[in-house]
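Close look at the chain arrangement
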Amino acid sequence: MQPARDIQRLIEIMAALRTPGTGCPWDLEQDFGTIAPYTIEEAYEVTDAIARGDMTDLREELGDLLLQVVYHARIAEEDQAFVFADVVEGITAKMIRRHPHVFGDEDARSAGMAKGAWERIKQEEKRLRAEARAAEGLSEEAPRFLDAVPPVFPALTEAEKLQRKASRVGFDWGAAGPVLDKIREEVEELADEVCAPQPDRERIADEIGDMIFAMANLARHLDIDPEEALKRTNRKFRRRFAAIEDAAAAQGTTLDAMTLEDMEAVWQAAKRLPEETAAGAAPASPTAQTVGSESVGS
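Residues numbered from 1 in each chain as written. Predicted model: local features only at pLDDT ≥ 70, side-chain atom pairs only at ≥ 80, totals over all residues. Heavy atoms only, no water.

Looking now at the packing of helix 9 (residues 155-167) against helix 12 (residues 226-250). The contact between helix 9 and helix 12 brings their axes to 8 Å, and the two run at 150°. Between helix 9 and helix 12, the crossing angle belongs to the class labelled roughly antiparallel. Contact residues: Leu-156, Thr-157 and Glu-160 in helix 9; Pro-226, Glu-227 and Leu-230 in helix 12. Each residue belonging to the contact of helix 9 with helix 12 can be placed in one class, and the counts come to three nonpolar, one polar and two charged. (Axes fitted to C-alpha atoms, helices over the stretch in contact; angles between N-to-C directions. Helix = DSSP H or I, 4+ residues; strand = E, 2+ residues; numbered from the N terminus. Parallel < 35°, antiparallel > 145°, perpendicular 65-115°, else oblique. Contact = heavy atoms within 4.5 Å. Nonpolar A, V, L, I, M, F, W, Y, C, P; charged D, E, K, R; others polar.)

Below, the structure written as structure tokens:
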């Protein structure tokens, strides 16, 4: 089988991989649940390629993500649920339905997107979905207010979206100050659990979750994306730790052989450098640097 620019070839390749007897043993063992984590991972790798501005990687990662769609569609076809063409038809119908000002008749196009039209379209989609599920004998439970926030989001993003959704009906603090007070309260509660005579891991986990949830709330009040804020810190940590790694290489030693004091010295030196030059510019002799009072990772 030869590669091609036609999506049909990719569908044929997946069908071959999933054919019992002649297909790939690993691919044949997979199901929706086992493939789902890879789907999420590929979406993140697409985002990473975009952030790095690497078009070569982006092209490849988009292909990997497309493969995930084809993979899920193939499993669904084997279950006689739907086929890839149904996926394409569904999304094209949705795009046309949601953009009457682009794909509608002349009157709709000239009128533009009328006020309230988006919500009416969404309500119509919910009605059609309910009818389709009923036709398949599936129950349609009344949605709860927060059901619009899928639990599959990364936890930090989910927290911010849940809080934003709840704030629409007034369940919110009016300013950042009370949120800061809440964070202080959560830190104290966490400290009490950690310092208890017999610390309970479950309760500690709950308190850590409460504290992170409150931090996400503060970020929202300050109009800061908490996921991106944490990503910034992760990138900063990577750069500064790379400086420690470079310092070890410059001394002909390894990370394992460095003492915490040596690592902290390089870390503090890297903090004083512009972030874009922190990595690769560590001093050759970290022990000659004064170790600051700040802890590693701060």
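A word on the layout of surface pockets. Estimates place the volume of the second largest pocket at around 530 Å³. As for the second largest pocket, its lining consists of 15 residues, and the residues nearest its centre are Thr-47, Asp-48, Ala-51, Lys-231 and Arg-235. Broken down by element, the lining of the second largest pocket gets its largest block of residues, seven residues, from helix 12. Of the residues contributing to the lining of the second largest pocket, the split by class is three nonpolar, three polar and nine charged. (1 Å grid on protein atoms, 1.4 Å probe; cavity = no way out; pocket = protein on both sides within 12 Å on 5 of 7 lines; lining within 4 Å. Points joined across faces, edges and corners; volume = space filled by probe spheres on them.)

Scanning the model with the defined rule gives 18 salt bridges in all. Its salt-bridge partner being Arg-52, residue Asp-54 comes within 3.4 Å of it at the nearest N-O pair. The partly exposed category is assigned to Asp-54, whose relative accessible area is 24%. Exposure remark for Arg-52: the relative accessible area of 44% places this residue in the partly exposed category. Between Arg-74 and Glu-78 there is a salt bridge whose closest N-O contact spans 3.2 Å. Pair noted here: Arg-74 and Glu-78 are both in helix 4 (residues 55-78), with a separation of four residues, about one helical turn. Shared partners join several salt bridges into a network, and the residues in it are Arg-18, Arg-74, Glu-77 and Glu-78. (Salt bridge = Lys/Arg side-chain N within 4 Å of Asp/Glu carboxyl O. Buried < 20%, exposed > 50% of the residue type's maximum accessible area, 1.4 Å probe, protein only.)

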